[in-house]
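If you want the building blocks of each chain, they are given just below.
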Amino acid sequence: MASNMDREMILADFQACTGIENIDEAITLLEQNNWDLVAAINGVIPQENGILQSEYGSETIPGPAFNPASHPTPVPTSSSSSSSAFRPVMPSRQIVERQPRMLDFRVEYRDRNVDVVLEDSCTVGEIKQILENELQIPVSKMLLKGWKTGDVEDSTVLKSLHLPKNNSLYVLTPDLPPPSSSSHAGALQESLNQNFMLIITHREVQREYNLNFSGSSTIQEVKRNVYDLTSIPVRHQLWEGWPTSATDDSMCLAESGLSYPCHRLTVGRRSSPAQIREQSEEQSTDVHMVSDSDGDDFEDATEFGVDDGEVFGMASSALRKSPMMPENAENEGDALLQFTAEFSSRYGDCHPVFFIGSLEAAFQEAFYVKARDRKLLAIYLHHDESVLTNVFCSQMLCAESIVSYLSQNFITWAWDLTKDSNRARFLTMCNRHFGSVVAQTIRTQKTDQFPLFLIIMGKRSSNEVLNVIQGNTTVDELMMRLMAAMEIFTAQQQEDIKDEDEREARENVKREQDEAYRLSLEADRAKREAHEREMAEQFRLEQIRKEQEEEREAIRLSLEQALPPEPKEENAEPVSKLRIRTPSGEFLERRFLASSKLQIVFDFVASKGFPWDEYKLLSTFPRRDVTQLDPNKSLLEVKLFPQETLFLEAKE
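Conventions used here
- Residues numbered from 1 in each chain as written.
- Predicted model: local features only at pLDDT ≥ 70, side-chain atom pairs only at ≥ 80, totals over all residues.
- Heavy atoms only, no water.
- Helix = DSSP H or I, 4+ residues; strand = E, 2+ residues; numbered from the N terminus.
- Buried < 20%, exposed > 50% of the residue type's maximum accessible area, 1.4 Å probe, protein only.
- Patch = residues over 30% accessible without salt bridge, like charges linked within 9 Å, V, L, I, M, F, W, Y side chains within 5 Å.
- Areas by Shrake-Rupley, 256 points an atom, 1.4 Å probe, with all protein chains shown as cover.
- Salt bridge = Lys/Arg side-chain N within 4 Å of Asp/Glu carboxyl O.
- Pairing = 2+ DSSP bridges.
- Axes fitted to C-alpha atoms, helices over the stretch in contact; angles between N-to-C directions.
- Contact = heavy atoms within 4.5 Å.
- Polar contact = N/O pair within 3.5 Å; in protein donor to acceptor, adjacent residues only side chain to side chain.
- Core = buried A, V, L, I, M, F, W, Y, C linked by side-chain atoms within 4.5 Å.
- Parallel < 35°, antiparallel > 145°, perpendicular 65-115°, else oblique.
- Left-handed = near helix turned anticlockwise from the far one by under 90°.
- Nonpolar A, V, L, I, M, F, W, Y, C, P; charged D, E, K, R; others polar.

Colleague: Mind showing me how you'd approach the environment of Val 387 here?
Modeller: Among the structural elements, Val 387 can be located in the loop between strand 11 (376–382) and helix 12 (389–397). On the basis of relative accessibility, which here comes to 64%, the residue Val 387 falls in the exposed class. The spacing of Val 387 and Thr 447 is 60 residues in sequence and 8.5 Å in space, taken between C-alpha atoms.

Colleague: How should I be thinking about a nonpolar patch on the surface in this particular structure?
Modeller: A cluster of nonpolar side chains, Leu 143, Tyr 170 and Leu 172, forms an exposed patch at the surface whose accessible area comes to about 250 Å². Along the chain, Tyr 170 falls in strand 6 (residues 166–172).

Colleague: It is not clear to me how the sheet that holds strand 4 (residues 112–119) should be interpreted in this structure. Could you clarify?
Modeller: Strand pairing within a sheet occurs via backbone hydrogen bonds; the two strands may be parallel or antiparallel. With respect to topology, 4 strands assemble into an open sheet ordered 4-3-6-5, the strand pairing being mixed. For this open sheet the edge positions go to strand 4 and strand 5 (143–145), each flanked by a neighbour on one side alone. The average undirected angle you get between the axes of adjacent strands in this sheet is 30°. Taken together, the 8 bridges between strand 3 (residues 102–109) and strand 4 define a ladder with antiparallel strand orientation. When the bridges of strand 4 are listed, Met 102 appears paired with Glu 119. Helix 5 (residues 124–135) rests against strand 3, strand 4, strand 5 and strand 6 of the sheet, and its axis sits at about 140° to strand 4.

Colleague: What's the story with the sheet that holds strand 9 (residues 237–240) in this structure? I'm lost.
Modeller: Taken in spatial order, the 4 strands of this open sheet run 8-7-10-9, and their pairing is mixed. With one partner strand each, in any of the chains shown, strand 8 (207–214) and strand 9 form the two edges of the open sheet. Between one strand axis and the next, the sheet turns through 30° on average, direction left out of account. Relative to strand 10 (residues 262–269), strand 9 runs antiparallel, the two sharing 4 bridges. Among the inter-strand pairings, Leu 238 is bridged to a residue of strand 10, identified as Gly 268. Across the sheet, helix 7 (residues 219–230) is in contact with strand 7 (195–202), strand 8, strand 9 and strand 10; its angle to strand 8 comes to roughly 145°.

Colleague: Looking at this model, I keep getting lost on helix 3 (residues 37–44). Mind explaining?
Modeller: Helical geometry: 3.6 residues make up each α-helical turn, so side chains three or four residues apart lie on a common side. Most of helix 3 is tucked away: 6 of the 8 residues are buried. A distance of 3.2 Å separates the backbone nitrogen of Val 38 from a side-chain oxygen at the start of helix 3, and that oxygen is part of Asp 36.

Colleague: Looking at this model, I keep getting lost on the nonpolar core. Mind explaining?
Modeller: In a soluble, globular protein the nonpolar side chains are often hidden away together inside. Residues Leu 377 and Trp 413 are the most contacted members of the largest nonpolar core, which totals 58 residues. Not counting residues up to four positions away in its chain, the partners in contact with Leu 377 are Leu 359, Ala 362, Phe 363, Ala 366, Phe 367, Phe 410, Ile 411, Trp 413, Leu 454, Ile 455 and Ile 456. By size, the runner-up hydrophobic cluster in this structure holds 21 residues, among which are Val 107, Tyr 109, Val 124 and Leu 169.

Colleague: Any chance you could explain the side chain of Ser 231 here in plain terms?
Modeller: Structurally, Ser 231 is set in the loop between helix 7 and strand 9. A polar side-chain atom of Ser 231 sits 2.8 Å from a polar atom in the side chain of Arg 425. Non-local contacts of Ser 231, meaning those with residues more than four positions away in its chain, are made with Val 226, Arg 269, Arg 425 and Arg 432.

Colleague: Before we go on, may I ask you to explain the packing of helix 16 (residues 475–562) against helix 17 (residues 598–607) in this structure?
Modeller: Helix-helix packing is characterised by the crossing angle of the two axes and by the distance between the axes. Here helix 16 crosses helix 17 at 135°, and the two axes come no closer than 8 Å. Judged by the angle between their axes, helix 16 and helix 17 are oblique. Where helix 16 crosses over helix 17, the handedness of that crossing is left-handed. Every residue of helix 17 that contacts helix 16 at Arg 556, Leu 559 and Glu 560 is listed here: Asp 603, Ala 606 and Ser 607. Each residue belonging to the contact of helix 16 with helix 17 can be placed in one class, and the counts come to 2 nonpolar, 1 polar and 3 charged.

Colleague: Can you help me understand the pattern of salt bridges in this one?
Modeller: Should their charged atoms come close, side chains of opposite charge can pair. Summed over the entire model, instances satisfying the criterion amount to 29 salt bridges. A salt bridge links Arg 481 to Glu 477; the shortest N-O distance between them is 3.8 Å. Of the two residues, Arg 481 and Glu 477 are both situated in helix 16; the distance of 4 residues between them amounts to about one turn of the helix. Look at Arg 481 and you get partly exposed, because its relative accessible area is 22%. According to the relative accessible area criterion, Glu 477 is partly exposed, its value standing at 32%. Between Glu 589 and Arg 579 there is a salt bridge, with the nearest N and O atoms lying 2.8 Å from each other. Taken as a pair, Glu 589 in strand 16 (residues 587–593) and Arg 579 in strand 15 (residues 575–581) lie far apart in primary sequence, 10 residues in all. A relative accessible area of 46% means that Glu 589 is categorised as partly exposed. A cluster of three or more residues bridged by salt bridges with shared partners is formed by Glu 342, Arg 346 and Asp 384.

Encoded structure:
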């Protein structure tokens, strides 16, 4: 088996001979051939005939040998794991004497890029030395990042990193302040990494949106997001609050001059010239409708396929009905309130309960609840100009059986497609929630095929349109199709309930395990803390005890050194001999001058480890507490002469 150093040489030679720069691919091919260089080369570049002798082993490997005469130009071949073009194999004598492999590095530092080309036998430190000359940055202040293997040492040889030919690195200098000339660029880079909170007020509906954008987002992206929220196309958006520097929609927020971290904006719908003209024409038409003039008031009526008699007959009767939904309906909740009120006034109070709110809110109510509480979503698409509308609404949609079935099993949401603006609004919502296929299906429906009834079932990843029911149907057929959709939904709901129950059971077990683990950790922590407190208290008491003992020992030694020398038995002055019995039964004997003060006796006893504030010194006949006597009196004065036996007793 080849050593690591041999393998590196074999790998380098294999890449030099075959031109394979992908290290993983080269290693895989060598491992397939048990790191036999010649066998690997012959496997990649098939030769015609002959035998190559491997210089990495004594074994002779039969196989096709490379013949330069028969291969004037290299023929690229592909293996199962490579599509690289290869050079012809060189003689095995030259394989060992490999040419150094050149590596290209693109090094980025702030706003500069430096290209470095080195042999793979160089070290990381040599790259830094080149960069030091180019960037004027000391090597000690330089962090070279971007290595795929993580941070590397300066002494690391590039060949040991198995790098591809082209590499991208970057330099960090955390210890160096940014230069004044690039301070603006540094501030811009910092702003690009920040998040801006845009508080956007929708002027028409007085609704406020709080949107987070990164500094690298463009103004165009903001406007597109607002279009998704308000359905105001970007070209119709009228903005207030953008900084004067925000002159281009392709500009990113970081350089647009927005206030950080929050900035307030206001958006509304800009009326196009065509809309203004249409509104003025509608107002003019309304005036002409109520007038008795028979001049040129209706000369444009033929553009709509209506003659004069129809204008005064059928068209005038249509004017007597209020629209089901206001044109350019911005607030879906308000539009559906008007829809419900108008529907009741036309067809009576026995009708489905229409959900009041946006389509997204209807999704939330129908799909994004517990599986047992989910329902199908029925979307009713109304069109006043269809001849089927009145019959469908009065005889089918308001039938008691249909109303009851929808109320129990469906969330019913409605929209009026009579006006082009409302139709475009719904198609946008449809494209967003159901995809372009469903939106195109509704877009291609003719007016006489309305109204439509869409049955929607929510799934884990998408919303599925189960059925599209057109207006030319009967009560029985409508009920049958609703029940068929309900059967599909019930089967799916049972699976969802089962999955949800299993998931909740797993989550409950996990919660119980987590709680038990948490309690165990808390108990262990409390036990550990109590033990640590106990050990700390013991250590503290031990320290106090040691300090007290050291203090007492110091006092004892100082007293012992301060004692006057013991007088001899034969002395010119009177001598008192005292015999003191300790609590342990031992006796302390010493001679004192009769003129010595009683305090010297106390100091002697304390120097033996019996301080007079803890022990009292008692005489026998008569029994008295000597420690209560005046310590400045002499032994002769307190009648401890010529000899006396005393005993020590601990104070209470």
